[in-house]
Amino acid sequence: MGQAARVDEYAEFAAARTGQLYRSACLLTAGDTHLAEDLVQETLGRLYLRWGRVSRAENPAGYAQTVLTRTFLAHQRRRSSGERAVDVFPERADHAADVPLRLTLLQALGRLPAKDRAVLVLRYWEDRSIEETAGAMNASSAAVRTRCVRALGRLRELLGEDIGEYARP
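Here we summarise the structure given alongside this text. From a predicted model like this one, the values you see are computed outputs, not experimental measurements.

This paragraph deals with the pattern of salt bridges. Taken as a whole, this structure holds three salt bridges when the rule is applied. When the shortest N-O distance is used, the salt bridge between Asp116 and Arg147 registers 2.7 Å. In this pair, Asp116 sits in helix H6 (residues 114-125) while Arg147 sits in helix H8 (residues 141-159), placing the two residues 31 residues apart along the sequence. Measuring nitrogen to oxygen at the nearest pair gives 2.2 Å for the salt bridge that ties Arg154 to Asp116. Of this pair, Arg154 sits in helix H8 while Asp116 is found in helix H6, placing the two residues 38 residues apart along the sequence. Among the residues examined, Arg154 registers a relative accessible area of 34% and is labelled partly exposed. Linked by salt bridges that have partners in common, Asp116, Arg147 and Arg154 make up one network.

Here's what the structure looks like:
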């Protein structure tokens, strides 16, 4: 395959996956849309550099999600202590009925450690298996199981008993 064909193939893949990557990145960053955009751009850049190998992978979309997750975790490790999360999220009129629930969930996710957020997003948003999540996070399956249980427990503590009121119509 020629260089032009590879570039076209990559462009098609990137156009098809950008939305899903962005949604996952928004969850990973607990609603920080600017950081989510940066993570997606960095992920797409890394994929482009390795596209010859990525395009031959069994699941290029899964590979892209793994790169996104690892990029997020690396960013969390190197994040400067001067950065602070904010409590204000952009409002979206298209899901007006879900706004309180979404904001509550994003705020709760934002209070979890980065690895806990990553495991919850991969397992329950991306619907990945324990093994796929372990591969994306460079961890053992047992570590992912343990982290899932603990992260869900922390999330339940943060959300409290009143979460049901947000889900009511």
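The subject of this paragraph is unusual backbone geometry. Generally, phi is negative for residues other than glycine and the peptide bonds are trans, each holding for most cases. Positive phi, close to 60°, is recorded for Ala30, a residue that is not glycine. Looking at the element boundaries, Ala30 is found in the loop between helix H1 (3-28) and helix H2 (33-49). One non-glycine residue, Asp127, adopts positive backbone phi at about 55°. Relative to the elements of secondary structure, Asp127 occurs in the loop between H6 and helix H7 (130-137). Taking the relative accessible area as the measure of exposure, Asp127 reaches 64% and is therefore exposed.

Below, the discussion takes up the packing of aromatic side chains. One pair of aromatic rings is described through two measures. These are the centre distance and the angle between the planes. Tallied over the entire structure, the rule returns three aromatic pairs. Measuring from centroid to centroid gives 5.5 Å for Tyr10 and Trp51, while their planes differ by 75°, and the two rings are edge-to-face. On the criterion of sequence distance, the pair formed by Tyr10 in helix H1 and Trp51 in helix H3 (residues 51-54) is long-range, its members being 41 residues apart. Assigned by exposure class, Tyr10 and Trp51 land together as buried. Considering the side-chain rings of Phe13 and Trp51, the 5.0 Å spacing of their centres and the 40° angle between planes classify their relative orientation as tilted. With Phe13 in helix H1 and Trp51 in helix H3, this residue pair connects regions lying 38 residues apart in the sequence. The exposure class of Phe13 is buried, given its relative accessible area of 13%.

Analysis parameters
- Residues numbered from 1 in each chain as written.
- Predicted model: local features only at pLDDT ≥ 70, side-chain atom pairs only at ≥ 80, totals over all residues.
- Heavy atoms only, no water.
- Salt bridge = Lys/Arg side-chain N within 4 Å of Asp/Glu carboxyl O.
- Helix = DSSP H or I, 4+ residues; strand = E, 2+ residues; numbered from the N terminus.
- Buried < 20%, exposed > 50% of the residue type's maximum accessible area, 1.4 Å probe, protein only.
- Phe/Tyr/Trp six-rings, centres within 6.5 Å; stacked < 30°, edge-to-face > 60°.

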